[in-house]
Amino acid sequence: MFTHWLRNNIVAAWLLTIIRVYLGYQWITGGWGKITGGGFDAAGFMQGAIAKATGDHPAVQTWFANFLEHFALPNVKLFNVLVPWGEFLVGLGLILGTFTTFAVLMGMVMNFAFLMAGTVSTNAQMLILEIFVVVAGFNAGRIGLDYFVIPYIRRMFGRKERANSYQ
């Protein structure tokens, strides 16, 4: 019943818009700060996360530390581009309401990665809000550019367009 309301109700669409724009602002400011701040380097963050994988109660699981040590750290230059631009583009998509579901899913991937690296910060709060946006699906971007973009894409690929009526 709640899921139906979240996915179809106009009031839910407006509440989701507020959540979506808040999340977008968090992502876009984080990404823009890294892009324009000059000198963003994820190596220190990764090394800190690897160090948290030791001891009696490690904050980082061994498998994730191994991923960081053997894949992410050797390719840190790639991550130095992906992280800031990923954050910026997720924020832009959420603020504009364009490809909202995809944008929020990519945001969730980053939040989970930061959590698995032992950084709590606002990641848990953002994940909870992102879950609502994902569950809402199209309704989360209905008051945004998805209102125009998604029907166009559906027509382009020959899928029937969903009724745009609010309940």
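Data block above holds the structure.
Notes on the structure follow. Residue indices begin from 1 for each chain and proceed along its sequence in written order. Given that the model is predicted, a residue must reach a pLDDT of at least 70 before its local features are reported, and side-chain atom pairs must reach 80 or more before they are shown or counted; all residues, however, enter totals for whole chains, interfaces and linings. Hydrogen atoms and water are omitted, and side-chain values are computed over all heavy atoms in the structure.

1. Things to note about the overall build of the protein
Right, on to step 1. Numbering goes from the N terminus for both helices and strands, where a helix is a DSSP run of H or I of at least four residues and a strand is a run of E of at least two. When its secondary structure is counted, the protein shows eight helices and zero strands.
Right, on to step 2. Expressed along its principal axes, the backbone C-alpha trace of the protein runs to roughly 55 × 35 × 30 Å.
Right, on to step 3. Only protein chains enter the calculation, and the probe is 1.4 Å; a residue is then buried if its accessible area is under 20% of its type maximum, exposed if over 50%, and partly exposed in between. Counting the 167 residues in the protein, one finds 38% classified as buried.
Right, on to step 4. Summarising the internal contacts of the protein: among those between residues at least 6 apart in sequence, 71% fall at separations of at least 24.
Right, on to step 5. Approximately 9,600 Å² of the protein is accessible, and the part contributed by carbon and sulfur atoms is 70%.
Right, on to step 6. For the protein, the distance from the average position of its 11 positive side-chain charges to the average position of its 7 negative side-chain charges is 16 Å. Residue contacts are counted whenever heavy atoms from the two residues lie within 4.5 Å of one another. A 1.4 Å probe and the Shrake-Rupley method give the accessible areas. Residues count as covered only by the protein chains that appear here. In this charge count, Lys and Arg are treated as positive and Asp and Glu as negative; neither His nor the chain ends contribute. By convention, the charge on Lys lies at NZ, on Arg at CZ, on Asp at CG and on Glu at CD.

2. Side note on helix H4 (residues 62–72)
Right, on to step 1. Buried within H4 are the following residues: Phe64, Ala65, Leu68 and Ala72. Angular distribution of buried residues about the axis of H4 spans 105 degrees; they occupy a single face of the element. The exposed set on the far side of H4, more than 90 degrees from its buried face, consists of Thr62, Trp63 and His70.
Right, on to step 2. Looking at the buried positions of H4, the neighbouring elements they touch are helix H3 (43–51), helix H5 (76–96) and helix H6 (100–116). Taken from the helix axis, the directions to the C-beta atoms give the arc we talk about.

3. Some words on the nonpolar core
Generally speaking, nonpolar side chains in soluble globular proteins are found buried as a group.
Right, on to step 1. One finds Leu16, Leu23, Trp27, Leu94 and Val133 to be the most contacted residues of the largest nonpolar core, which totals 17 residues.
Right, on to step 2. At the level of elements, helix H2 (10–37), H5, H6 and helix H7 (123–136) are the ones that each hand at least two residues to this core.
Right, on to step 3. In this structure Leu23 touches Leu94, Met126, Leu129, Glu130 and Val133, once residues within four positions along its chain are discounted.
Right, on to step 4. One finds Ala42, Met46, Ala65 and Leu68 within the second-largest nonpolar core, a separate group that totals 14 residues. Only buried residues count toward a nonpolar core. Its members are Ala, Val, Leu, Ile, Met, Phe, Trp, Tyr and Cys residues joined through side-chain atoms within 4.5 Å.

Everything listed here is a matter of geometry and, on its own, says nothing about what the molecule does.
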